[in-house]
Amino acid sequence: MNAVNVLPEGYKEFYSLDLQKDKKKALLVNGIALAISVIMVIPMHFVVPITTLFDISKGYIFKMLTLVLLLVVYMILHELVHGVAMKLCGTKKVKYGFTGLYAFAGSEDFYPKKPYIFIALAPVVLWGIVLAVVNILVPTEWFWIIYILQIMNLSGAAGDFFVTIKFSQFPDDILVKDHGVGMVVYSTHNAS
């Protein structure tokens, strides 16, 4: 079942999430993001010391400017992949935006559980593979520039991981309406 633009009869609100309004869940998701970052940085430092990032003799300022540019480009590409995944699931119109805290892709459509999980995880999987390949190919002095993008990819997907785990526990009939900055889950079952 693909996206639908009208909520079917018998569905009612089952769960909602808005990380801009729910500070407790926002702290949890940001804590997960921080934990992912730490887990990625510490062991990798022993493979390629992070000091290679700060080597002034090897184009430090150019590397830092490149990193900032790549982070902005990555955020845009991440949301575009969410949008493409929405389109693949039948959405006609995707809306994109930035709230100051979060970049987002959203829609007025309702997505079944499996398609929504595909939408949530598509960017982290695609960019995870691409960045892993690039990381293998770049010289050591550029390793951390690309690896920081990979850290951003995985830690920045903390919200996507959170909803994937949460929604996996919900009934199979759920429909998710993702506004971009928040989402509402509907079901024919009663909320627990």
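Rules behind the numbers
- Residues numbered from 1 in each chain as written.
- Predicted model: local features only at pLDDT ≥ 70, side-chain atom pairs only at ≥ 80, totals over all residues.
- Heavy atoms only, no water.
- Salt bridge = Lys/Arg side-chain N within 4 Å of Asp/Glu carboxyl O.
- Helix = DSSP H or I, 4+ residues; strand = E, 2+ residues; numbered from the N terminus.
- Core = buried A, V, L, I, M, F, W, Y, C linked by side-chain atoms within 4.5 Å.
- Buried < 20%, exposed > 50% of the residue type's maximum accessible area, 1.4 Å probe, protein only.
- Contact = heavy atoms within 4.5 Å.
- Patch = residues over 30% accessible without salt bridge, like charges linked within 9 Å, V, L, I, M, F, W, Y side chains within 5 Å.
- Areas by Shrake-Rupley, 256 points an atom, 1.4 Å probe, with all protein chains shown as cover.
- Polar contact = N/O pair within 3.5 Å; in protein donor to acceptor, adjacent residues only side chain to side chain.
- Axes fitted to C-alpha atoms, helices over the stretch in contact; angles between N-to-C directions.
- Parallel < 35°, antiparallel > 145°, perpendicular 65-115°, else oblique.
- Left-handed = near helix turned anticlockwise from the far one by under 90°.
- Expected span 1.5 Å × (residues − 1).

Some points on the pattern of salt bridges
Argument step 1. Inspection of the entire model under this criterion finds 4 salt bridges.
Argument step 2. Note that Lys25 and Asp22 form a salt bridge whose closest N and O atoms lie 3.3 Å from each other.
Argument step 3. With its nearest N and O atoms 3.3 Å apart, the salt bridge here joins Lys95 to Glu108. With Lys95 in strand β2 (residues 95-98) and Glu108 in the loop between β3 (103-106) and β4 (111-112), this pair connects stretches of sequence that are 13 residues apart.

Section: the nonpolar core
Argument step 1. Of all hydrophobic cores here, the largest spans 33 residues; its most connected members are Tyr15, Tyr116, Val163, Phe167 and Val185.
Argument step 2. For this core, the secondary-structure elements that each account for two or more residues are β1 (12-17), α1 (23-45), α2 (60-88), α3 (113-137), α4 (140-155), α5 (158-168) and β6 (183-187).
Argument step 3. Per-element tally for this core: the top contributor is α3, with 6 residues.
Argument step 4. Sequence-distant contacts of Tyr15, defined by excluding residues within four places in its chain, comprise Lys25, Phe162, Lys166, Phe167, Phe170, Met183, Val184 and Val185.
Argument step 5. Met40, Met44, Met64 and Phe143 belong to the second-largest nonpolar core, a separate cluster that totals 12 residues.

Some thoughts on a nonpolar patch on the surface
Argument step 1. A cluster of nonpolar side chains, contributed by Val68, Leu69, Val72, Val73, Met75, Ile76, Leu77, Leu80 and Tyr96, occupies part of the molecular surface with about 750 Å² of accessible area.
Argument step 2. With 8 residues, the single largest contributor to the nonpolar patch is α2.
Argument step 3. For Val72, the position within the fold is in helix α2.

Let's talk about the environment of His189
Argument step 1. Mapping His189 onto the fold places it in the segment after β6.
Argument step 2. It is 9.5 Å that separates the C-alpha atoms of His189 and Phe170, two residues lying 19 residues apart in sequence.
Argument step 3. Setting aside chain neighbours within four positions, we find His189 in contact with Phe14, Pro171 and Asp173.
Argument step 4. A distance of 3.3 Å separates the side chain of His189 from the side chain of Asp173, its partner in a polar contact.

What about the packing of α3 against α4?
A packed helix pair is summarised by two numbers, namely the angle formed by the two axes and the spacing between the axes.
Argument step 1. The interhelical angle for the contact between α3 and α4, taken along N-to-C directions, is 165°, at an axis separation of 9 Å. With respect to α4, the axis of α3 lies roughly antiparallel. Crossing geometry of α3 relative to α4 is assigned as left-handed. Counted together, Pro123, Val124, Trp127, Gly128, Leu131, Ala132, Val134 and Asn135 of α3 and Phe143, Ile146, Tyr147, Leu149, Gln150, Asn153 and Leu154 of α4 form the full contact between these two elements.

As for α1
Argument step 1. The end-to-end C-alpha separation of α1 is 32 Å, in line with the 33 Å expected for 23 residues at 1.5 Å each.
Argument step 2. Buried within α1 are the following residues: Ala26, Val29, Ala33, Ile36, Ser37, Met40 and Met44.
Argument step 3. Close packing links the buried residues of α1 with α4 and α5.

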